[in-house]
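# Summary of structural features
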Amino acid sequence: MLDWFTYFADWVTYSLFKLSADSKFADAVHFFIEDTAKILVLLIVLIYLIAVVRATLNPEKVRYYLQGKNRFLGYILGSIFGSVTPFCSCSSIPLFMGFVSARIPLGVTIAFLLTSPLINEVVVVMLGSLLGLKFTLLYISIGLALGITAGFLVDLIKGERWLAPFLAEQYKRDDAAPVLEYQDKVMTLAERHQFAKKEMLTIFIRIWKWVVLGVAIGAVIHGAVPAAWFGEHLGDRQWWSVPVATLLAIPMYVNATAIVPILESLLLKGVPLGTTLAFCMSAVAVSLPEFMMLKQVMSSRLLILIAAYLLVALSLLGWLFNAVNF
Amino acid sequence: MKNINVYGSGCKNCTNTAELIEKTAKQLQIEIKLSKVSDLQAIMEAGVVSTPAVTVDGKLVHAGSVPDVQTVKEFFS
């Protein structure tokens, strides 16, 4: 089905613009047209569909489900809910406090908050359309595993010691946690459509320019930088390229959307999968503004530990995937 | 007179919500007392999990998004 976009790009590049098929420039133009068209169309359709399905899921409902669950089941559920629950990133703090006040273990809350940006609909749709199903499933499974492990580790080191005092207090109290109530919202199909339309428009308006920018950079790399250069500089023989990629990705939180098309052209040039995965996940998960915001509810010590965990875990993953050569 | 609180950490959506409520109340000529609550502890104690959230006379009526005009009108009834 995705072939349509290739035919469309063929037609525009070779028939409409009359570019010669063997020039590097035509190659880059073709890459740009095919990817922009493919990503934008798929984003519109899939974000709408995803939103229709999850319209009734919200943080309040998740909190209700997670309260009082077994700790280990909680890490798994927390990660899964984190990946599918829609919420505005400015809600991270209230959500964090809301979970803590319901005495959901801190690890479960962290598992939720870490997977949430890592597995979001935009990144998943883009990965799926550009890098294929195998890479996307791999990405999602690793994302969940990262969240679950982080949750387990945070509770293992008793991370709640390092919360802001008014939150740490919640876990020290002897009285039973307040019992939550949740009234499930019933939504008609029309209401779901309204929700999905609004969600899709908001996301589309926010990201379309980043998609175009990312694909443009990807197209330049595709057409202009020889594959041999990457083999020499970012190949799997340079062990240090993985941690460097992980670190370099930190400032890229600015827009993860722009990164995926660049990654596609890097992979095509032979940059190893592990390095690419580590870069991609680091860019999405380690967001400076998010970390600054979390400083209101936890000490820098806990935050630094979480950031260090992510960097170490991603480097290990990168090396592993480079070694097994998927 | 209705006591309306808008809970939020001061992000754009929260400001928009407060402005929308104010504007709609003025249009309908309803007198309200609107407060923006950004203190973290107060947000937690109100039981708010996703922002922007709105309470009317202490009762949580909306959370997680900027409400549409129709929803805002229902706050006043």
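Moving on: the overall build of chain A. Per the secondary structure count, chain A includes 15 helices and zero strands. Taking 20 Å as the expected radius of gyration for a compact globule of 326 residues, we find that chain A reaches 21 Å, a close match to that expectation. Each principal axis of the C-alpha distribution contributes one length, and for chain A these read about 75 × 50 × 30 Å. Considering only contacts in chain A between residues 6 or more positions apart, those separated by 24 or more positions represent 84%. Accessible area of chain A: about 15,500 Å², with a carbon and sulfur share of 70%. Averaging the positions of the 24 positive and the 21 negative side-chain charges in chain A gives two centres separated by 5 Å.

Moving on, we get to the packing of helix 9 (residues 189-224) of chain A against helix 12 (residues 256-268) of chain A. Residues and elements named next belong to chain A. At a minimum axis separation of 6 Å, helix 9 and helix 12 run at an interaxial angle of 20°. Relative to helix 12, the element helix 9 is oriented roughly parallel. The hand of the helix 9/helix 12 crossing is right-handed. Contact with helix 9, carried on its side by I207, W210, V211, G214, V215, I217, G218, I221 and H222, involves T257, A258, P261, I262, S265, L266 and L268 of helix 12 and no other residues of that element. Considering only residue class, the contact of helix 9 with helix 12 consists of eleven nonpolar, five polar and no charged.

Moving on: the side chain of A:E199. Residues and elements named next belong to chain A. Relative to the assigned elements, E199 resides in helix 9. Looking at E199, the relative accessible area reads 18%, which means it is buried. In this view, E199 contacts A51, R54, P86 and E121; residues no more than four positions away in its chain are not counted.

Accessible area lost on assembly of the parts is the figure often given for the size of an interface. Facing 19 residues of chain A, the contacting portion of chain B comprises 14 residues. Here chain A meets chain B over a buried area of about 1,300 Å², counting both sides, of which 65% is carbon and sulfur. Taken together, the links from chain A to chain B amount to zero salt bridges. Sorting the residues of the side of chain A that touches chain B by element identifies helix 3 (59-66), helix 5 (92-101) and helix 8 (165-172) of chain A as the ones contributing at least two each. Tallied by class, the residues present in the side of chain A that touches chain B amount to eleven nonpolar, five polar and three charged.

Conventions and cut-offs
Residues numbered from 1 in each chain as written. Chains lettered and ligands numbered in written order. Predicted model: local features only at pLDDT ≥ 70, side-chain atom pairs only at ≥ 80, totals over all residues. Heavy atoms only, no water. Helix = DSSP H or I, 4+ residues; strand = E, 2+ residues; numbered from the N terminus. Rg over C-alpha atoms; globule rule 2.2 N^0.38 Å. Contact = heavy atoms within 4.5 Å. Areas by Shrake-Rupley, 256 points an atom, 1.4 Å probe, with all protein chains shown as cover. Lys, Arg positive; Asp, Glu negative; His and termini not counted. Charge placed at Lys NZ, Arg CZ, Asp CG, Glu CD. Axes fitted to C-alpha atoms, helices over the stretch in contact; angles between N-to-C directions. Parallel < 35°, antiparallel > 145°, perpendicular 65-115°, else oblique. Left-handed = near helix turned anticlockwise from the far one by under 90°. Nonpolar A, V, L, I, M, F, W, Y, C, P; charged D, E, K, R; others polar. Buried < 20%, exposed > 50% of the residue type's maximum accessible area, 1.4 Å probe, protein only. Buried area = accessible area lost by both parts, 1.4 Å probe. Salt bridge = Lys/Arg side-chain N within 4 Å of Asp/Glu carboxyl O.

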